[in-house]
Amino acid sequence: PPGTVLGDNALVGCLSAPPSNPADALKAGAAWLGSPAIYLPQRQQSTAFALETTFKPSRRLRTLRAVIEFFRVILPPTGYIVITSLLFSWIVLLQEDFYLHEMLLMFPFLYAAAGALSAVTMVVLKWLLVGRYKPCEKPLWNAFVWRNELLNALQEHLANNFIIGVLEGTPFICWYFRSLGAKIGRRVY
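Numbers given to residues run from 1 along each chain, matching the order in which its sequence is written. Residues qualify for local features only when their pLDDT is at least 70, as the model is predicted, and side-chain atom pairs are given and counted only at 80 or more; totals for whole chains, interfaces and linings, by contrast, use all residues. Processing note: side-chain calculations cover all non-hydrogen atoms of the structure and skip hydrogens and water entirely.

### Points about the pattern of salt bridges
Stage number 1. In what follows, salt bridge is the name for a side-chain nitrogen of Lys or Arg lying within 4 Å of a carboxyl oxygen of Asp or Glu. All chains considered together, the criterion is met by 2 salt bridges.
Stage number 2. One salt bridge in this structure joins lysine 27 and aspartate 24, with 4.0 Å as the shortest N-O distance.
Stage number 3. Each residue gets one of three labels from its accessible area relative to the maximum for its type: buried under 20%, exposed over 50%, partly exposed in between, using a 1.4 Å probe on protein chains only. You can call aspartate 24 partly exposed: its relative accessible area is 26%.

Printed below as a string of structure tokens:
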């Protein structure tokens, strides 16, 4: 809020409030999270990254980010529209050969095919774009970060809309997450 003074090297988490006590806010190197703020006694110190990868990116990095952001904005709704269009195109094509009640019986299978297509697309893209996740620290201006944001946007628009919501609470959802590389125990759902 206006008028708040923080100590040197203090950290206030995203969507968090600074501590209400001004003396706490002035602590040097303190970290605060939440609203109301909770003091975090330890935090991992960031690796020093070059200024070009944090605050002053090169033209090449800005261009690369613009390209990846373009795909992050365009691909998710496009993929959703394409898969939905395929689903309804099949229904229109089948309309000539089947009665309405037969088409209604086939719809869950067509929807499952759309869900499978979205899941396979996500799995393939995950392994192509980022591979296996390993513990690491990356600067903000890094293609790895942007590729993850692209995958997240695709996950939210494709897999979540078509298959993940349907599989929640079932043992089958583990198959999907395992194919993405998650380690999940047996008999978990």
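### Remarks on the environment of leucine 26
Stage number 1. Working definition: helices are DSSP H or I runs of at least four residues, strands are E runs of at least two. Numbering for both runs from the N terminus. In this structure, leucine 26 sits in the loop between helix 1 (22-25) and strand 2 (31-33).
Stage number 2. Leucine 26 sits 22 residues away from threonine 4 along the chain, and the two C-alpha atoms are 9.3 Å apart.
Stage number 3. We call two residues in contact whenever any of their non-hydrogen atoms come within 4.5 Å of each other. Leave out the neighbours within four places in its chain, and leucine 26 touches Val5, Leu6 and Gly7.

### Here we look at the packing of aromatic side chains
Stage number 1. Between 30 and 60 degrees the pair is tilted, below 30 it is stacked and above 60 it is edge-to-face, where a pair is any two Phe, Tyr or Trp rings, Trp via its six-membered ring, whose centres lie within 6.5 Å. Tallied over the entire structure, the rule returns 9 aromatic pairs.
Stage number 2. Ring centres 5.6 Å apart and planes at 85 degrees place the aromatic pair tryptophan 141 and tryptophan 146 in the edge-to-face group.
Stage number 3. Assessed through its relative accessible area of 16%, tryptophan 141 is described here as buried.
Stage number 4. By relative accessible area, tryptophan 146 is classed as buried at 1%.
Stage number 5. Ring plane angle 75 degrees and centroid distance 5.1 Å describe the contact between phenylalanine 172 and tryptophan 175, whose orientation is recorded as edge-to-face. In this pair, phenylalanine 172 and tryptophan 175 are both assigned in helix 5 (residues 172-179), 3 residues apart and thus about one turn of the helix distant.
Stage number 6. Residue classification places phenylalanine 172 among the partly exposed residues on the basis of a relative accessible area of 42%.
Stage number 7. When the NZ atom of lysine or the CZ atom of arginine is within 6 Å of a ring's centre and also within 35 degrees of its normal, the charge is said to sit over that ring. Between the NZ or CZ atom of arginine 65 and the centre of the ring of tryptophan 141, over which it lies, the distance is 5.2 Å.

### Points about a nonpolar patch on the surface
Stage number 1. A contiguous nonpolar patch, built from Val67, Phe70, Phe71, Val73, Ile74 and Leu75 and spanning about 500 Å² of accessible area, is present on the exposed surface.
Stage number 2. Along the chain, valine 73 falls in helix 2 (residues 59-95).
Stage number 3. Owing to a relative accessible area of 49%, valine 73 belongs among the partly exposed residues under this scheme. Note that patches include only residues with greater than 30% relative accessible area and no salt bridge, and the join distances are 9 Å for like charges and 5 Å for nonpolar side chains (Val, Leu, Ile, Met, Phe, Trp, Tyr). Per-residue and other accessible areas were derived by the Shrake-Rupley procedure at a 1.4 Å probe size, with only the shown protein chains allowed to occlude residues.

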